[in-house]
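Each chain, letter by letter, is given below.
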Amino acid sequence: SPSPNSNLLSEISEVMPEIEQFLPDRRAALERRIAAFNNTLTREQRDQNTYNTLIRRGMQEEIVRVAASADDRTRESLYQQAALIAVARGRTDAFRDFLSKEVGDGGDRRKILEFLDAEEISAAAGRKQLEHLRKLLPRIERKEERARAMAELALLLKEKGEDAEAVSLLDDAAALIKTNLKDERQTNALLSLLCAYAVVDPAKAFAL
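Quick look at the structure, then. (Residues numbered from 1 in each chain as written. Predicted model: local features only at pLDDT ≥ 70, side-chain atom pairs only at ≥ 80, totals over all residues. Heavy atoms only, no water.)

**Structural notes on the overall build of the protein chain**
Counting its regular elements, the protein chain contains 13 helices and zero strands. Along the protein chain, helices (α) and strands (β) appear in the sequence α-α-α-α-α-α-α-α-α-α-α-α-α when read from the amino end. Since a compact globule built from 208 residues should have a radius of gyration of about 17 Å, the 23 Å found for the protein chain marks it as more spread out than a globular shape. Each principal axis of the C-alpha distribution contributes one length, and for the protein chain these read about 70 × 35 × 30 Å. Here the protein chain holds 208 residues, and the buried ones make up 38% of them. Sequence-distant contacts in the protein chain: of pairs separated by 6 or more residues, those separated by 24 or more amount to 50%. As displayed, the protein chain has an accessible area near 12,500 Å², and 50% of this comes from carbon and sulfur atoms. Distance from the positive charge centre (33 side chains) to the negative charge centre (36 side chains) of the protein chain: 2 Å. (Helix = DSSP H or I, 4+ residues; strand = E, 2+ residues; numbered from the N terminus. Rg over C-alpha atoms; globule rule 2.2 N^0.38 Å. Buried < 20%, exposed > 50% of the residue type's maximum accessible area, 1.4 Å probe, protein only. Contact = heavy atoms within 4.5 Å. Areas by Shrake-Rupley, 256 points an atom, 1.4 Å probe, with all protein chains shown as cover. Lys, Arg positive; Asp, Glu negative; His and termini not counted. Charge placed at Lys NZ, Arg CZ, Asp CG, Glu CD.)

Set out below in structure tokens:
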């Protein structure tokens, strides 16, 4: 129509493969209309459309590339989205290889890896993948996150009746955590440890 719905135009590029399949004769006209509409957007709106498209398509490597030119808050959010996608698609090993080869900034690479570790730990614990958690432990650089993974692993061991190993693992995890309630990461790690102790060794949980 002469006055198309702007919300529809902002989303329609996502269904272009279907339009090509069912209405190929309309594709060129739609692309012209979308291009004209995009010219009315601010740079921030165009960037957000790009981010949304990459996220919906599950393109974690490309998300990391475009994040380099974003502001600090947006960049951190995009890094987290990229990590989520890599875990959801089971491509964490390939994603780690990509980060080591293509992300030159050590601080950015470390931040993405921290997001990746956190999401991979949660996914493995939720799926009760005990052996996957074991293999993941040596890769985790940040002590608090490694302690959280150990707490999740201890809970899985407890479920299997391996109580002694579970307690030993939690004792090792406790040594990695400093009690600093002003630090969010350390507090979260401590709470994860306490929750695990409450199941594996309630007396120790109470003492802590």
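Following the structure, the description resumes.
**A closer look at unusual backbone geometry**
A positive phi is found at K128, a non-glycine position, where the angle reads about 55 degrees. Looking at the secondary structure, you find K128 in the loop between α8 (106–126) and α9 (130–136).

**With respect to the layout of surface pockets**
A volume near 350 Å³ is recorded for the largest pocket. The wall of the largest pocket is formed by 15 residues, among which A118, R142, E145, R185 and N188 lie closest to the centre. Counting only elements with at least two residues in the lining of the largest pocket, the list comes to α6 (72–88), α8, α10 (143–159) and α12 (184–200). Among the elements that line the lining of the largest pocket, the one with the most residues is α8, at five residues. Per-class residue counts for the lining of the largest pocket are three nonpolar, two polar and ten charged. (1 Å grid on protein atoms, 1.4 Å probe; cavity = no way out; pocket = protein on both sides within 12 Å on 5 of 7 lines; lining within 4 Å. Points joined across faces, edges and corners; volume = space filled by probe spheres on them. Nonpolar A, V, L, I, M, F, W, Y, C, P; charged D, E, K, R; others polar.)

**With respect to the nonpolar core**
With 29 residues, the main nonpolar core has L133, L153 and L170 as its most contacted residues. Elements represented by at least two residues in this core include exactly α8, α9, α10, α11 (163–174) and α12. When sequence neighbours within four positions are dropped, the list of residues in contact with L153 reads L130, L133, R134, L137 and L169. Judged by nonpolar contacts, the second largest core, of 22 residues, contains V66, A82, A83 and V103. (Core = buried A, V, L, I, M, F, W, Y, C linked by side-chain atoms within 4.5 Å.)

All quantities given are derived from atomic positions and should not be read as evidence of function.
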